[in-house]
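Geometric and topological summary
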Amino acid sequence: MSILVIADHDNQSLKPSTLNTIGAAKQIGGDITVLVAGQGCAGVAEAAAKAEGVSKVLVADDAAYANQLAENLSLLVAEIGKDYTHILTPAGTTGKDFLPRVAALLDVAQISDIIKVESADTFQRPIYAGNALATVKSSDSIKVITVRPTAFDPVAAEGGSAAVEALSLAKDAGTSQFVKAEMAKSDRPELTSASIVISGGRGMQNGENFKMLEKIADKLGAAVGASRAAVDAGFVPNDMQVGQTGKIVAPQLYIAVGISGAIQHLAGMSGSKVIVAINKDEEAPIFQVADYGLVADLFQAVPELEQELDKVL
Amino acid sequence: MKVLVAVKRVIDYNVKVRVKPDNTGVDLTNVKMAMNPFCEIAVEEAVRLKEKGIATEVVVVSIGPQAAQEQIRTALALGADRGILIQTDEEIQSLAAAKLLKAVVDKEQPKLVILGKQAIDSDNNQTGQMLAALCGYPQGTFASEVVVEGEKVNVTREVDGGLVTVALNLPAVVTTDLRLNEPRYASLPNIMKAKKKPLETTTPADLGVDVAPRLTTLKVEAPAQRKAGIKVASVAELVDKLKNEAKVI
Ligand SMILES: Cc1cc2nc3c(=O)[nH]c(=O)nc-3n(C[C@H](O)[C@H](O)[C@H](O)COP(=O)(O)OP(=O)(O)OC[C@H]3O[C@@H](n4cnc5c(N)ncnc54)[C@H](O)[C@@H]3O)c2cc1C
Ligand SMILES: Nc1ncnc2c1ncn2[C@@H]1O[C@H](COP(=O)(O)O)[C@@H](O)[C@H]1O
């Protein structure tokens, strides 16, 4: 078995989800190669070479890959990938964008968002917003897979010493151009890898009130998330949405504030170790999954929570 | 320009699905079906392009059983001009769906193809990207804004870190995210009018596409259920539990 893992990165640093994906590759078993495609991404390649279990790092450093444009990246991955039995990448928005193109170019199926490796050709994945788990077996010669990072332990970031090989393969489809990026800047941990997440919903009433959650987040070293309703209402940006069609999180502690607990929201956070719900409606479905539920008005409970945390932290 | 929209018939998003006791799938008997919510957003976007005078014709296509006509009629009631049903009772996986849609693209030659980012049954998030690759078209996935300008379309995309805008040469494929628009409701007169709009039926065999599944579902299980925990009486008790019982802070 030979596995190609496509690194998720921003040309500066290797995203931690890549280490979880290498973790999934290890469970499949076989030789693991990591591909870093980007521009000015030598640092990322070095980081990938240190990851545990990696035997080789391929670097494609070219302007065509600077912004991870799917049209270009997929041509590259489809060309290199045909020599592997498995092609894996994290199920983030970059992987979800380019990998199905790779599968189509190779004329194979893609298995999206796997949460378990049963064997080299059989995997488990959630369907219907996580209300069912399907075990699927692939009959294709190349298995093209996106990996749900929270479902796999990461390999160690240090300790490996893989060889780094430069590729001079510039694939520019010439059909798309990057125009601009408006990225959220935050000093808080990344939502999908934070060990504590505090999320607000429609009950927060406006974006200003999210400051209350941010204060708590800063005390706990937590990330701040949101429900779709809070994003749709314009309280907070889209990259904070947790759920079936947003981000999947599985922290040690998830605190849901003013969130009712629709199945689409639960799909994104029910893998959390401990769930806390603060909601004024004691019938809210979120309480059915909460380890600790507090029936209260959030505008009272959240400031009080801040004070109580000060006492114990 | 002509716009093609792909709509999928799926379980209504409000329905709580149940896994069949024999673990072969989920129970869809007597369950309410509807248009995939992301496809509704795709139809709405196409209709708005028509209202702006950018699109000249909006064609909707669905792959599925005869009953998928209902979803095509809904799209026609929302303002699409004409429908195509690729009728089949077989399981159509994303790669096969993309190949069928490619056959329609070859015939219809649209300038823009709009799909949902994800079908809420399979949660695959693949078909649009696969279609784009098969056609050699660029793609703007997870779109929250679509602006057609001459021979290009600018698409603002919802990505993990924020928003990214790309410029795509037409023809192109766009997949919709939740913030792209808020779909309208069909009015009664429009529902009546939709009944008279053309709806053509074809089959995978007519289109010459091999739709054999590549993935076999061995088992479908219900996920482990979380048990509801306890209600705490105060914030102080909550903090005490988190610190001393759960030990997560
Ligand atoms: C295709 C599709 C995809 C979707 N994807 C997602 C997704 O990825 N993520 C997601 O979250 N949703 C998603 N949804 C939306 C989902 O169905 C719900 O509409 C949404 O999660 C509701 O958000 P909410 O809980 O914040 O709002 P509501 O359901 O309106 O709940 C607000 C809650 O706040 C409580 N509240 C109000 N005021 C206070 C107060 N002062 N103090 C305490 N509590 C208060 C209320 O009791 C209520 O329970 C999706 C829907 C569709 C159709
Ligand atoms: N059977 C189908 N009929 C029509 N469109 C489909 C079908 N399957 C997928 N699509 C389109 O592809 C999108 C993404 O689906 P998927 O890749 O299955 O998550 C959907 O929102 C539809 O626009």
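Residues numbered from 1 in each chain as written. Chains lettered and ligands numbered in written order. Predicted model: local features only at pLDDT ≥ 70, side-chain atom pairs only at ≥ 80, totals over all residues. Heavy atoms only, no water.

**Digging into the site of ligand 1**
All names here are of chain A. Stated formally: In this text, near means that some heavy atom of the residue lies within 4 Å of the molecule or strand in question. Any N or O atom pair separated by 3.5 Å or less is treated as a polar contact, with the protein-specific requirement of one donor-capable and one acceptor-capable atom, and with residues adjacent in sequence counted only for side-chain atom pairs. Note on residue classes: Ala, Val, Leu, Ile, Met, Phe, Trp, Tyr, Cys and Pro are nonpolar, Asp, Glu, Lys and Arg are charged, and everything else, Gly too, is polar.
What surrounds ligand 1 is a group of 29 residues, the closest being R202, S227, Q241, S260 and N279. Residue Q264 places a side-chain N or O atom 2.7 Å away from an oxygen atom belonging to ligand 1. A distance of 2.8 Å separates a nitrogen atom of ligand 1 from a polar backbone atom of L298. For the shell around ligand 1, the class distribution of residues is 11 nonpolar, 13 polar and five charged.

**Notes on the domain arrangement of chain A**
All names here are of chain A. What counts is decided by this rule: Bear in mind that the domain bounds are from an automatic or database domain assignment. Contacts are assigned to residue pairs with any non-hydrogen atoms lying within 4.5 Å of each other. Throughout, the accessible surface (probe 1.4 Å) given up by two parts as they are put together, summed over both, is called the buried area.
Split into domains, chain A comes out as domain 1 (2-167) and domain 2 (191-312). When each unit is reduced to the centre of its C-alpha atoms, the spacing between domain 1 and domain 2 is 30 Å. Between domain 1 and domain 2, the contact holds six residues from the first and nine residues from the second. For the domain 1 and domain 2 pair, buried surface summed over both sides reaches about 540 Å², with 60% attributable to carbon and sulfur atoms. A per-residue breakdown of the area domain 1 buries against domain 2 is headed by A129, R148 and T150, which together make up 74% of the total. Classifying every residue of the side of domain 1 that touches domain 2 gives two nonpolar, two polar and two charged.

**Some points on the site of ligand 2**
Residue and element names in this part refer to chain B. Defined as follows: The Shrake-Rupley method, run with a 1.4 Å probe sphere, supplies the accessible areas, and residue values consider only the shown protein chains as cover. A run of DSSP states H or I qualifies as a helix once it reaches four residues; a run of E qualifies as a strand once it reaches two. Both are numbered from the N-terminal end.
Inspection of the region around ligand 2 gives 18 residues, with A6, A119, N125, Q126 and T127 positioned closest. Contact with the protein chains hides 98% of the accessible area of ligand 2, taken as 480 Å² for the molecule alone. For the shell around ligand 2, the elements supplying multiple residues, two or more each, are β4 (57-64) and β6 (112-116). If one sorts the elements of the shell around ligand 2 by residue count, β4 sits on top with three residues. Within the shell around ligand 2, the residues separate by chemical class into seven nonpolar, 10 polar and one charged.

**Some words on the environment of Y254 of chain A**
Residue and element names in this part refer to chain A. With respect to the helices, strands and loops of the structure, Y254 is situated in strand β14 (residues 253-257). Residues Y254 and K96 lie 158 residues apart in sequence; the distance between their C-alpha atoms is 25 Å. Contact partners of Y254, with chain neighbours within four places excluded, come to V197, S199, V242, V249, I259, H265, M269, S272, V274, I275 and V276. A polar side-chain atom of Y254 sits 2.9 Å from a polar atom in the side chain of H265.

**Concerning the side chain of D140 of chain A**
Its location among the elements puts D140 of chain A in the loop between β8 (132-138) and β9 (143-147). Not counting residues up to four positions away in its chain, the partners in contact with D140 of chain A are D107, V108 and A109 of chain A together with R214 of chain B.

**Regarding the interface of chain B and chain A**
Where we set the bar: Whenever Lys or Arg places a side-chain nitrogen within 4 Å of a carboxyl oxygen from Asp or Glu, that contact is recorded as a salt bridge. Only strands that DSSP links by at least two bridges are regarded as paired with each other.
Residue-level contacts link 78 residues of chain B with 85 residues of chain A. For the chain B and chain A pair, buried surface summed over both sides reaches about 6800 Å², with 55% attributable to carbon and sulfur atoms. By the criterion of area lost to chain A, the three top residues of chain B are D160, R214 and R226 of chain B, representing 11% of everything that side buries. Remark: the boundary between chain B and chain A carries six salt bridges. Between chain B and chain A we count 52 residue pairs in polar contact (both at pLDDT 80 or more) in total. Among the secondary structure elements, those contributing two or more residues to the side of chain B that touches chain A are α3 (94-108), α4 (127-135), β7 (139-149), β8 (152-159), β9 (162-169), β12 (215-221), β13 (230-232) and α7 (235-245) of chain B. Broken down by class, the residue content of the side of chain B that touches chain A amounts to 41 nonpolar, 18 polar and 19 charged. As defined by bridge partners, strand β11 (residues 176-183) of chain A adjoins β9 of chain B across seven bridges and the pair is classed as antiparallel.

**Some thoughts on the sheet that holds strand β16 (residues 292-295) of chain A**
Test applied: Axis definition: a line fitted to C-alpha atoms, limited for helices to the stretch in contact. Angles are taken between N-to-C directions and run from 0 to 180 degrees.
Across the sheet, six strands lie side by side as β13(A)-β12(A)-β14(A)-β15(A)-β16(A)-β13(B); this open sheet has parallel pairing. The open sheet has two edge strands, β13 (223-226) of chain A together with β13 of chain B, and neither has a second partner. If you compare each strand with its neighbour and ignore which way they point, the axes differ by 20° on average. Sheet topology note: the strand β15 (residues 274-279) of chain A/β16 of chain A ladder contains four bridges and is parallel. Counted as the bridge partner of I278 of chain A is L294 of chain A from β16 of chain A. Packing of helix α5 (residues 210-220) of chain A onto the sheet brings it into contact with β12 (196-200), β13 and β14 of chain A, and relative to β12 of chain A it is tilted by some 175°.

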